Amino acid sequence: MATSKLQALWNHPAGPKTIHFWAPTFKWGISIANIADFAKPPEKLSYPQQFAVTATGIIWSRYSMVITPKNWNLFSVNVAMAGTGLYQLSRKIRHDYFNEEETAAAIKE
């Protein structure tokens, strides 16, 4: 049973013998780095970088569902990229535009 499933994965058109497997697999590194940046202070985040990560995730998520064969590895990594990018953008926007501590300090001065 397990052997036949491994054989099917190995011979799949988007399996480990193709670039369609390895490109999204290595792309997970970007998502993992973005998750590691959750600990980074929001003022150190970059709008252009996070817009690029988010846009890439959204565009390629859609693309991965219209190509043949469907590439679920590509879809999942791009959903993760879009999600982490949106989260980082929300952190940056909240810090830059809705930071109550800085607003209160500026009013007191």
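Residue numbers run consecutively from 1 along every chain, following the written order of its sequence. In view of the model being predicted, local features appear only for residues whose pLDDT reaches at least 70, and side-chain atom pairs are presented and counted only at 80 or more, with totals across whole chains, interfaces and linings using the full set of residues. Heavy atoms from the whole structure form the basis of all side-chain values; hydrogens and water molecules are not counted.

Where an unreviewed UniProt entry is consulted, the chain appears under the name Mitochondrial pyruvate carrier, with the organism given as Artemisia annua. UniProt positions are given in the numbering used here, feature names are shortened, and annotations may be inferred rather than shown by experiment. You can read under Function (unreviewed entry) in the UniProt record for the chain the words "Mediates the uptake of pyruvate into mitochondria." Checking UniProt for the chain, the heading Sequence similarities (unreviewed entry) contains the comment "Belongs to the mitochondrial pyruvate carrier (MPC) (TC 2.A.105) family."

Draft legend 1. Just helix H3 (residues 47-66), in detail. The end-to-end C-alpha distance of H3 is 29 Å, a good match for the 28 Å that 20 residues give at a rise of 1.5 Å each. To sort residues, take the accessible area from a 1.4 Å probe on protein chains only and compare it with the maximum for the residue type: under 20% means buried, over 50% means exposed, and anything in between is partly exposed. Counting from the N terminus, the helices are the DSSP runs of H or I reaching at least four residues and the strands are the DSSP runs of E reaching at least two. Residues Gln50, Val53, Thr54, Gly57, Ser61, Ser64 and Met65 constitute the buried set of H3. The arc that holds the buried residues of H3, viewed along the axis, is 110°, so those residues lie on one side. The exposed set on the far side of H3, more than 90 degrees from its buried face, consists of Pro48, Ile59 and Arg62. On its buried face, H3 sits against helix H2 (19-36) and helix H4 (72-97). Any pair of N or O atoms that falls within 3.5 Å is considered a polar contact. Within protein, one atom must be able to donate a hydrogen and the other to accept it, and sequence-neighbouring residues count only if both atoms are side-chain atoms. Sitting at the head of H3, Ser46 places a side-chain oxygen 3.2 Å from the backbone nitrogen of Gln49. Given the number of residues in a helix, its expected span is that number minus one, multiplied by 1.5 Å. Think of it as the arc spanned by the lines of direction from the helix axis to the C-beta atoms. Note on definitions: a residue-residue contact is assigned when non-hydrogen atoms from the two residues lie within 4.5 Å.

Draft legend 2. Spotlight on the environment of Ser76. Note that Ser76 resides in helix H4. The spatial distance from the C-alpha of Ser76 to the C-alpha of Trp10 is 19 Å, given a sequence separation of 66 residues.

Draft legend 3. The pattern of salt bridges, seen in detail. The term salt bridge refers to a pairing of a side-chain nitrogen on Lys or Arg with a carboxyl oxygen on Asp or Glu at a separation within 4 Å. Inspection of every chain in the model, using the stated rule, returns two salt bridges. Between Asp37 and Lys40 there is a salt bridge, with its nearest N and O atoms 3.9 Å apart. The exposure class of Lys40 is partly exposed, given its relative accessible area of 30%. A salt bridge links Lys92 to Asp96; the nearest nitrogen and oxygen atoms lie 3.7 Å apart. In this pair, Lys92 and Asp96 are both assigned in helix H4, four residues apart and thus about one turn of the helix distant. Here Lys92 falls in the buried class, since its relative accessible area comes to 9%.

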